[in-house]
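Single-letter residue listing:
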Amino acid sequence: MESKNTEKLLDQKPEKMPPVGKLFVITGPSGVGKGTILERFFEDNKNIIYSISQTTRKPRPGEVHGVNYFFVSKEEFEKSIENDELLEWAKYSDNYYGTKKAFVLKALQKGADVLLEIETKGAQKIMEKFPDCITVFFTPPNLDELEKRLRGRKTEDEASIKKRMDTVKEELELSTIYKYTIENDEVENALSKLQAVYDYEKRPENEMQGEYCTENEAESEAGRE
C-alpha cells in the first residue's frame, strides 16, 4: 500500500525550506474496510506518503511485512516505547499498535503529505499533538454488517469478536470528534467521498483564503460533524 514514490519524496532536497506537509489521519472500527479503500486511493494519489504502522498482532492472510504493517514481537514494541521512538501507540484487543515518530516527522518537515491509517485510540493521541491534522472516520452501514465482515475474516474466536463489537459501539459514540465521517456502504462510494475530502483539503492556500463558506463542497461528499 505504500506509495512507490515514498523514498524519492523523502530524499528530495529543495533549494529553500518547503512548507510543512499536511497530516491525514484515517481511522474507524476494525473490519470497516479502511484498508481496501486506501489501496484504491493510493492508486490515484502517488504523492502522499503512507506511514506504515507497527503491531504485535499476527499477519492476516495476504498481509506483507513492511507493506501492510511492520510485524514485531511484544519485546521489540515495548523497547520502542522505552526509547521514545513512537509518535503514538495503543493496546487494542491485546495487541500493540503504533506509529514510528522519525519517519512521520521527517516527511512532514520536508513538506510531504503523510497519511496514517491507525486505530481510534492512536488517532485521538495524534489529534492532541497535531490539532490541525485532517481526520476521517469510516463507519459501517450498520453493526450487523460489520459483525458479518469480522466473522468473514475467520481469524478470531467468538470471545474476540464480542470484545471487538463492544469496542466498536464505544468508537461510534465518539465519531463526532473527527473532522469528516464516511459511511463505507460501497467501496466505490466511500472512495469517491475520501477523494473529495483530499482534493478539498489540498487546495492551494490562495484559493482557500476567504472561502470558508465553500467547505460544504467537501461536506456534501463526506459527512462533516
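It should be emphasised that the depicted structure is a prediction, and the values quoted were computed from it without experimental measurement.

Student: If you had to explain the overall build of the protein chain to someone new, which residues and values would you point to?
Tutor: Looking only at helices and strands, the protein chain features 10 helices and 10 strands. Per-residue burial over the protein chain gives 46% buried out of 225 residues. Long-range pairs, those at least 24 residues apart, make up 70% of the contacts in the protein chain between residues at least 6 apart in sequence.

Student: Which residues make up the pattern of salt bridges, and what values go with them?
Tutor: Tallied over the entire structure, the rule returns 10 salt bridges. Of the charged contacts, one joins Asp 84 and Lys 101 as a salt bridge, the two residues approaching to 3.1 Å between their closest N and O atoms. On the criterion of sequence distance, the pair formed by Asp 84 in the loop between α3 (74-82) and β5 (86-92) and Lys 101 in helix α4 (residues 101-109) is long-range, its members being 17 residues apart. Relative accessible area serves as the criterion here: at 52%, Asp 84 is assigned to the exposed category. Residue Lys 101 is classed as partly exposed on the basis of its relative accessible area of 23%. The shortest N-O distance in the salt bridge between Glu 145 and Arg 149 comes to 3.3 Å. Remark: Arg 149 and Glu 145 occur in helix α6 (residues 143-153); sequence separation between them is 4 residues, near one turn of the helix. Arg 149 gets classed as partly exposed once you look at its relative accessible area, which sits at 22%. The network of salt bridges with common partners includes Glu 147, Arg 151 and Glu 158.

Student: Can you lay out the nonpolar core for me, pointing to particular residues and giving the numbers?
Tutor: Generally speaking, soluble globular proteins have nonpolar side chains that are buried together. Phe 41, Leu 115, Val 136, Phe 138 and Leu 194 are the most contacted members of the largest nonpolar core, which totals 27 residues. Sorting the residues of this core by element identifies β1 (23-27), α2 (34-44), β8 (134-139), α6, α7 (158-173), β9 (180-183) and α8 (187-201) as the ones contributing at least two each. Ranked by residues supplied to this core, first place goes to α8 with 6 residues. Those residues in contact with Leu 194 that lie beyond four places of it in its chain are Ile 26, Ile 37, Leu 38, Phe 41, Val 136, Phe 138 and Ile 182. If you look at the next biggest cluster of nonpolar residues, it comprises 17 residues, including Leu 23, Val 114, Ile 118 and Ala 123.

Conventions used here
Sequence order sets the numbering: in each chain, residues are counted from 1 along the sequence as written. In keeping with the model being predicted, local features are shown solely for residues with a pLDDT of at least 70 and side-chain atom pairs are shown and tallied solely at 80 or more, while totals for entire chains, interfaces and linings include all residues. In computing side-chain properties, one takes all heavy atoms of the structure into account and sets aside hydrogens as well as water. Where helices and strands are cited, they refer to DSSP runs of H or I of at least four residues and of E of at least two residues respectively, numbered from the N terminus. Summary of the burial criterion: residues with accessible area below 20% of their type's maximum are buried, those above 50% are exposed, and those between are partly exposed, where the area comes from a 1.4 Å probe applied to protein chains only. Two residues qualify as a contact provided that any one of their heavy atoms is within 4.5 Å of a heavy atom in the partner residue. The salt bridge criterion pairs a side-chain nitrogen of Lys or Arg with a carboxyl oxygen of Asp or Glu, the two atoms within 4 Å. Put simply, buried Ala, Val, Leu, Ile, Met, Phe, Trp, Tyr and Cys residues joined by side-chain atoms within 4.5 Å make one nonpolar core.

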